[in-house]
Amino acid sequence: MSEALSAPLAGRGAPAVPHPGPPMIGMAGVTKTFKRRDGGTHLALDTIDLDVAPGEFVSILGPSGCGKSTLLYIVGGFVAPSGGKVTVSGDPVTGPGPDRGPVFQEFALFPWKTVLGNVAYGLREGGLSRRDAEARAGELIERVGLKGYERFYPQALSGGMKQRVAIARTLAYGPKILLMDEPFGALDAHTRIKLQNQLLELWERDRKTVLFVTHAVDEAVFLSDRVAVMSRQPGRIKEVVAIDLPRPRHRDELLLDRRYQRHVIDLERMIEDPPDLAS
Amino acid sequence: MRAVAGSLHGLVGLAPIAGLVLAWQVLLTAGWVPSALLPSPGAVLARTVASLGDPAFLGHLASTLYRLAAGFAIALAIVFALGLAGATSRIADAALRPVIRVLAPIPKIALYPALILSLGFDDAPKIILVAADALFPILLATYGGAGAVEQKLLWSARAAGTSRAGTILKVVLPATLPSILTGSRIALVVACIVVFLAEMITSTDGLGYLLVRSGRAFQTVDMFVPLLAISAVGLALDGALAAARRVLLRGFPEEE
Amino acid sequence: MSRAASRTGAALRPGLPPFLACLALLLAWQIAARFLAVGGVPDALSTFRELPAIIGDREALGEIAASLRRMGAGFGLALLFSVPLGLLMGRSRLVSALVNPLLMVGYPVPKAALMPLIMLWLGVGDAAKILVIVLGVSLPIIYHSRQGARAVEEKLLWSAAAMGMSGPARLARIVLPAALPEILVGCRTGIVLALITMITSEMIARQTGAGNILFNALDMAQYETVYAMILVVSALGIALDVLFERLRSGLTGWAEPIPSPAIAPA
Ligand SMILES: Nc1ncnc2c1ncn2[C@@H]1O[C@H](COP(=O)(O)OP(=O)(O)OP(=O)(O)O)[C@@H](O)[C@H]1O
Ligand SMILES: [Mg+2]
């Protein structure tokens, strides 16, 4: 355990990329309590403060059950927080909207629609004619590498293909923000790496704001500008780490990069830390 | 190869039916059952074929089909209305559920005497009875299906810009369609059964009436014809439903 | 918030909403009969006044009890062979191909309509009536047992086979419990059909039973008795359903879907 490796790169509350105006996503004092069956309450999220700048890629990293999904659902407007406030470009979140596109861990594709129908859905909702929507959807399907599968129903696709359709469906309606909940969690290592590269390419092109939930340390370091590490019971942000790796990033170069390695080791140690008994 | 195996499987299914007919014939030829009580399968088949060219028989068949169709259509309309009410309004949902829970297990045929008393002996009480009996299997399946719609499908649609009311038509309905069709399938069988029984109890036409009339005249051959006919009607309608299912539910796993 | 509260309220008294629904329905009946004067419909109260005459009548009560006994016997007999047959059909394509067409042909035939024929062979006694009920309830049970058995995760069976479990043991110890929720769906349709079959077969046989009382009263124009008997039969149906629901939630609580609101995000 060398000195250099154990020295933390960044402390709590590492600043967002400096920018003028309100943050793209602002979370201030967000808490969430669930009613338990026995009548008691369960504090799932405890005063979460986190700002995400426009065009920033932020990952939320933490052990299972620490409230990552719940936090994402709150930002999406699907679930109301018990306390605190969430803003998007300064406006308070009151419900779901096409400015924030979710990609769920469970894919959640419409089984009664084809790949094309799924991807075109949001465009049709946005008022595009069927022709225009399908043309645009076709482009996106090609971009995620699924050309030729337009007429397939989701049940006939593999997990990785389904996830790419889900991503294309969300990208289609052009949200400013992507909310991704362990999108690659259920995939094999090979597909996972392929999709990570694709996502990074897409992101480097459009520079959307991304809030990305994962429990894989290497994935978080590879993709993110900053990583928020959460602890469990109650769900809190323990540390925010800035990932100072140059872009565009290439996996094979990064794996040999000492800074990358150090980030991975640091974050792994942070997650492994026994629960903070003092709190 | 597949196709051959498939048709072989289809043929295998004829064996028990053929066996049953054979046993039936053996009972008669051996003289264990007097032919006054049980006609021969050949006689039944001949009479059935003959009936198909008989306008009077076709009229009875048409009456039964009309009652079946009208009752089923009413049931579907009610399902649609109640489903929509339950999906759009919490209060309607909370009020409807217990009422349905109470009414569903009542054997509707017991209401038939009351329907006759209020509506007379015409088509109306039979159609209402069919509707009442077909309604609940579809309704229960619909409620079950709508309650089990994956929440993330709704969230995905909401995030894509669909309004809350819009998700009823665009997500809840298509996601519930498999359940609706499964419920319809059960309802169809029950509907065939009760329309026939209602016609047996009071009627001057229809397949059920034919059975009773033949029974009174001790014409056992004629008693089998309406039974075969209702079975064929049920099979045909079930086949139509299965075909509709294949077209409507292309994205869902097969049931059969 | 309010939903959570109402949910706990419902959990405290699960029988309350259906009970209120009963009251509301009776009230609606009373109002319809009194003020809308629908042709020949007695109001709810006078129908209730008629109830003691039926429930107090030893003979009538005995007949109803006999009806139920026959139904129970028929249902039990049907279960005994329908479940194994259905499960076997679900796991063996050959058995399924062999038996399915016969079932499909027989399903839409009203079994009570076979009563005249069966009575010719078995007489008018209990045997004929029980047989008709067996026929009536076995098809949905077989059908749903088959559906349930089909849906059993193949890997469950593979792991059981790897543990050295024999074919029949797998059917009884893996397929049966896994298919139980679906089997119970079939039982529920079976109960509905059993009641329909019971009432109509008794009505056709015209000897004893609930169906006989009902239609005798209709013939003799005792309309209050008709309605009172409808109440009794309805109560039977509801009671059977409640009992069944108890049994079901006891047996398959593990398969219960977590109730989630269909539309509204929390
Ligand atoms: N609807 C709910 N009702 C009650 N408790 C809930 C509900 N949703 C989540 N929880 C609880 O909140 C906590 C956080 O759940 P959440 O799904 O957000 O975790 P997570 O970090 O996404 O976990 P994973 O990595 O396994 O997906 C858990 O303890 C969970 O039991
Ligand atoms: Mg999660």
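In the block above lies the structure referred to throughout.
The present account deals with the structure reproduced in this document. (Residues numbered from 1 in each chain as written. Chains lettered and ligands numbered in written order. Predicted model: local features only at pLDDT ≥ 70, side-chain atom pairs only at ≥ 80, totals over all residues. Heavy atoms only, no water.)

We now examine the interface of chain B and chain C. Across the boundary between the two partners, chain B contributes 62 residues, which contact 62 residues of chain C. Across the chain B to chain C interface the summed buried area is about 5,500 Å²; carbon plus sulfur atoms make up 76%. Summed over the shared surface of chain B and chain C, the result is one salt bridge. The partner of arginine 101 of chain B in a salt bridge is aspartate 241 of chain C, and the shortest N-O contact between them spans 2.7 Å. When residues of the side of chain B that touches chain C are traced back to their parent elements, those giving at least two are helix 1 (2-12), helix 2 (14-29), helix 5 (90-103), helix 6 (112-119), helix 7 (123-147), helix 8 (151-159), helix 9 (164-201) and helix 11 (220-248) of chain B. The element that contributes the greatest number of residues to the side of chain B that touches chain C is helix 9 of chain B, accounting for 15 residues. Of the residues contributing to the side of chain B that touches chain C, the split by class is 44 nonpolar, nine polar and nine charged. (Contact = heavy atoms within 4.5 Å. Buried area = accessible area lost by both parts, 1.4 Å probe. Salt bridge = Lys/Arg side-chain N within 4 Å of Asp/Glu carboxyl O. Helix = DSSP H or I, 4+ residues; strand = E, 2+ residues; numbered from the N terminus. Nonpolar A, V, L, I, M, F, W, Y, C, P; charged D, E, K, R; others polar.)

Direction vectors running N to C along helix 6 of chain B and helix 10 (residues 210-219) of chain C enclose 20 degrees, while the axes themselves pass 10 Å from each other. Classified by the interaxial angle, the pair formed by helix 6 of chain B and helix 10 of chain C is roughly parallel. The hand of the helix 6 of chain B/helix 10 of chain C crossing is right-handed. Contact residues: Pro113, Ile116 and Leu117 of chain B in helix 6 of chain B; Leu214, Phe215 and Leu218 of chain C in helix 10 of chain C. Class assignment for the residues of the contact of helix 6 of chain B with helix 10 of chain C results in six nonpolar, no polar and no charged. (Axes fitted to C-alpha atoms, helices over the stretch in contact; angles between N-to-C directions. Parallel < 35°, antiparallel > 145°, perpendicular 65-115°, else oblique. Left-handed = near helix turned anticlockwise from the far one by under 90°.)

Bringing a nonpolar patch on the surface into the picture now. Residue and element names in this part refer to chain C. Among the surface-exposed residues, Leu120, Trp121, Leu122, Leu131 and Leu135 lie close enough to one another that they form a single nonpolar patch of about 410 Å² accessible area. Secondary structure elements with two or more residues in the nonpolar patch: helix 6 (115-122) and helix 7 (126-150). The element best represented in the nonpolar patch is helix 6, accounting for three residues. Its place among the elements puts leucine 122 in helix 6. (Patch = residues over 30% accessible without salt bridge, like charges linked within 9 Å, V, L, I, M, F, W, Y side chains within 5 Å. Areas by Shrake-Rupley, 256 points an atom, 1.4 Å probe, with all protein chains shown as cover.)

Residues and elements named next belong to chain A. Over its 14 residues, helix 4 (residues 130-143) runs 20 Å from end to end, which matches the ideal 20 Å to within 8%, given 1.5 Å per residue. If you check which residues of helix 4 are buried, you get Ala133, Ala137, Gly138, Leu140 and Ile141. In a view along the axis of helix 4, the buried residues occupy a sector of 165 degrees, so they form one face of it. Looking at the residues trailing helix 4, positive phi occurs at glycine 145, about 75 degrees. (Expected span 1.5 Å × (residues − 1). Buried < 20%, exposed > 50% of the residue type's maximum accessible area, 1.4 Å probe, protein only. Arc of directions from axis to C-beta.)

A few words on unusual backbone geometry. Here the residue pair glutamine 233 of chain A and proline 234 of chain A is connected by a cis peptide bond, since its omega of -5 degrees sits within 30 degrees of zero. Among the structural elements, proline 234 of chain A can be located in the loop between strand 9 (226-231) and strand 10 (236-242). Positive phi outside glycine occurs at phenylalanine 107 of chain A, with the angle close to 70 degrees. Tracing the backbone through its elements, the reader meets phenylalanine 107 of chain A in the loop between strand 6 (100-103) and helix 3 (115-125). A positive phi angle is found at phenylalanine 218 of chain B, which is not glycine, with a value near 55 degrees. Within the secondary structure, phenylalanine 218 of chain B sits in the loop between helix 10 (207-216) and helix 11. Its relative accessible area of 71% is what places phenylalanine 218 of chain B among the exposed residues.

Our focus in this paragraph is the packing of helix 4 (residues 55-88) of chain B against helix 11 of chain B. All names here are of chain B. At a minimum axis distance of 12 Å, the contact between helix 4 and helix 11 shows a crossing angle of 45 degrees. As far as their axial angle goes, helix 11 and helix 4 are oblique. The chirality of how helix 4 crosses helix 11 is right-handed. Residues Phe57, Leu61, Thr64, Leu65 and Leu68 of helix 4 form the contact with helix 11, whose own contacting residues are Val225, Ala229, Ile230, Val233 and Leu237.

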